[in-house]
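Geometric and topological summary
So the chains spell out like this:
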Amino acid sequence: MNKTIGFLRAAVAGLALLTVGCKTTSVARSSAKNVNRPAVTIIDYQGSAFSSEIPQWVQLVAQGEYSSKALSKVMPDLDNKKAFVTIAQGDNLEFTKQWTDVVDIEVQVGDTMQRVVGKTVSASESARSNDDGSGISDTEVNRTLNMYKEAVSTVEVNGLEKVASYWVLKEVKQNNKTTQSYEYYAVWAMDADRYDRQIDAALRNIRENTSEGQALKQTLREKLMSLVISSNNETVEDNAYNWYD
């Protein structure tokens, strides 16, 4: 029991404070040396009445491991699946769970895809300008960006199912202020081949006749197929992808 509580204290202390309310979020790593870190105490957690051990997948998520490859090692149901992780916070556990499970997951996957498009196109056009020394007009960049965003918006992530979920109730003390809130973790998955087919179908109608356009299309395809988390925190995407590959 003490070992379990100790792990959760250490794991949650490593998480950045989440957005107030029920918005999906994730781990944000700070490089600042003198951060005023909050004191975190676990008040309750799922299975505490039975002294249950913390699931291994929760430990991985708390350490920032969100990929299908990492989670499938401790979650056999994720073999050959595309996984998405959501982490939400709220004052009311049932409302937080219902909002996340019914509304947030598909919305956040879609939002994350749109941000991946934006980052990938911007990085590609910037690198292209630097390579050939010729500036690319804002009109051309916006045309390309809108074209890909419209294509990706057709991906509906059909077949997404919740594989596992877990919650903790924590108390946070920082700057002489004490707050309590629930933190809700969930892992979602769908058939990996089905996900890849949806991405391919979305990009199929984009006609790129130049070598640069073909390269951008292939890069975007790879970024979307390696999507690891749905989140409103852009820092997560910056940490998850190398936009200039």
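Residues numbered from 1 in each chain as written. Predicted model: local features only at pLDDT ≥ 70, side-chain atom pairs only at ≥ 80, totals over all residues. Heavy atoms only, no water.

1. Topic: the overall build of the protein
Along the backbone of the protein there are eight helices and four strands. Listed by position from the N terminus, the elements making up the protein come as α-β-α-α-β-α-α-β-β-α-α-α. Taking all contacts inside the protein whose residues are at least 6 apart in sequence as the whole, residues at least 24 apart take part in 77%. (Helix = DSSP H or I, 4+ residues; strand = E, 2+ residues; numbered from the N terminus. Contact = heavy atoms within 4.5 Å.)

2. Concerning helix H7 (residues 211–225)
Helical periodicity: at 3.6 residues per turn, an α-helix aligns residues three or four positions apart in one direction. Between its first and last C-alpha, H7 extends 21 Å over 15 residues, near the 21 Å set by a 1.5 Å rise per residue. All buried positions along H7 are accounted for by Gly213, Leu216, Lys217, Thr219, Leu220, Lys223, Leu224 and Met225. (Expected span 1.5 Å × (residues − 1). Buried < 20%, exposed > 50% of the residue type's maximum accessible area, 1.4 Å probe, protein only.)

3. Things to note about the nonpolar core
One finds Phe84, Met113, Tyr148, Val157, Tyr195, Ile199 and Leu224 to be the most contacted residues of the largest nonpolar core, which totals 31 residues. For this core, the elements supplying multiple residues, two or more each, are helix H4 (93–132), helix H5 (138–152), strand E3 (161–174), strand E4 (177–191), helix H6 (192–204) and H7. Top element by residues in this core is H4. It accounts for seven residues. Dropping the residues within four chain positions of it, Val157 is found in contact with Phe84, Val109, Met113, Met190 and Gln198. If you look at the next biggest cluster of nonpolar residues, it comprises 22 residues, including Val61, Leu78, Val85 and Ala164. (Core = buried A, V, L, I, M, F, W, Y, C linked by side-chain atoms within 4.5 Å.)

4. Some thoughts on the confidence of the model for the protein
Taken as a whole, the protein shows an average pLDDT of 78; of its residues, 75% reach a score of 70 or greater. Low pLDDT, under 50, characterises residues 1–32; the predicted model gives this stretch 83 contacts beyond four residues in sequence or across chains. (pLDDT = per-residue confidence, 0-100.)

5. Focus: unusual backbone geometry
One can expect most non-glycine residues to show negative phi and most peptide bonds to be in trans. In this structure, Ser51 takes a positive phi of about 55° despite not being glycine. With phi around 60°, Asn80 is a residue other than glycine that occupies positive phi space. Within the secondary structure, Asn80 is located in the loop between helix H3 (68–71) and strand E2 (81–90).

6. Overview of the pairing of E2
Of all 10 residues that make up E2, nine are buried, and the element is covered over most of its length. Note that E2 and E4 share 10 bridges and pair antiparallel. Among the inter-strand pairings, Gly90 is bridged to a residue of E4, identified as Tyr182. (Pairing = 2+ DSSP bridges.)

7. Examining the packing of H6 against H7
Relative to each other, H6 and H7 sit at 150°, their axes nearing to 10 Å. When the axis of H6 is compared with that of H7, the two are roughly antiparallel. Handedness of the H6/H7 crossing: right-handed. Taken together, the residues of H7 that come into contact with H6 (itself represented by Tyr195, Asp196, Ile199, Asp200, Leu203 and Arg204) are Lys217, Leu220, Arg221, Leu224 and Met225. A per-class count over the contact of H6 with H7 returns six nonpolar, no polar and five charged. (Axes fitted to C-alpha atoms, helices over the stretch in contact; angles between N-to-C directions. Parallel < 35°, antiparallel > 145°, perpendicular 65-115°, else oblique. Left-handed = near helix turned anticlockwise from the far one by under 90°. Nonpolar A, V, L, I, M, F, W, Y, C, P; charged D, E, K, R; others polar.)

8. Some thoughts on the side chain of Thr144
Tracing the backbone through its elements, the reader meets Thr144 in helix H5. Setting aside chain neighbours within four positions, we find Thr144 in contact with Val121 and Leu216.

9. A closer look at the pattern of salt bridges
Within this structure, the stated rule accounts for five salt bridges. Note that Arg221 is salt-bridged to Asp200, the shortest N-O span being 2.6 Å. Separated by 21 residues along the polypeptide, Arg221 in helix H7 and Asp200 in helix H6 bring together distant segments of the chain. Here Arg221 falls in the partly exposed class, since its relative accessible area comes to 27%. (Salt bridge = Lys/Arg side-chain N within 4 Å of Asp/Glu carboxyl O.)

10. Side note on the packing of aromatic side chains
Going through the model one piece at a time under the given rule, you end up with three aromatic pairs. Pairing Phe95 with Trp99 gives two aromatic rings, centres 6.1 Å apart and planes at 25°, and the pair type is stacked. Taken together, the residues Phe95 and Trp99, both in helix H4 and four residues apart, mark about one turn of the helix. Both rings, one in Trp167 and one in Tyr182, keep their centres 5.8 Å apart while their planes meet at 70°; by these two values the pair is edge-to-face. Of this pair, Trp167 sits in strand E3 while Tyr182 sits in strand E4, placing them 15 residues apart in sequence. The ring of Phe84 carries the charged tip of Lys82 above its face, separated from the ring centre by 5.9 Å. (Phe/Tyr/Trp six-rings, centres within 6.5 Å; stacked < 30°, edge-to-face > 60°. Lys NZ or Arg CZ within 6 Å of the ring centre and 35° of its normal.)

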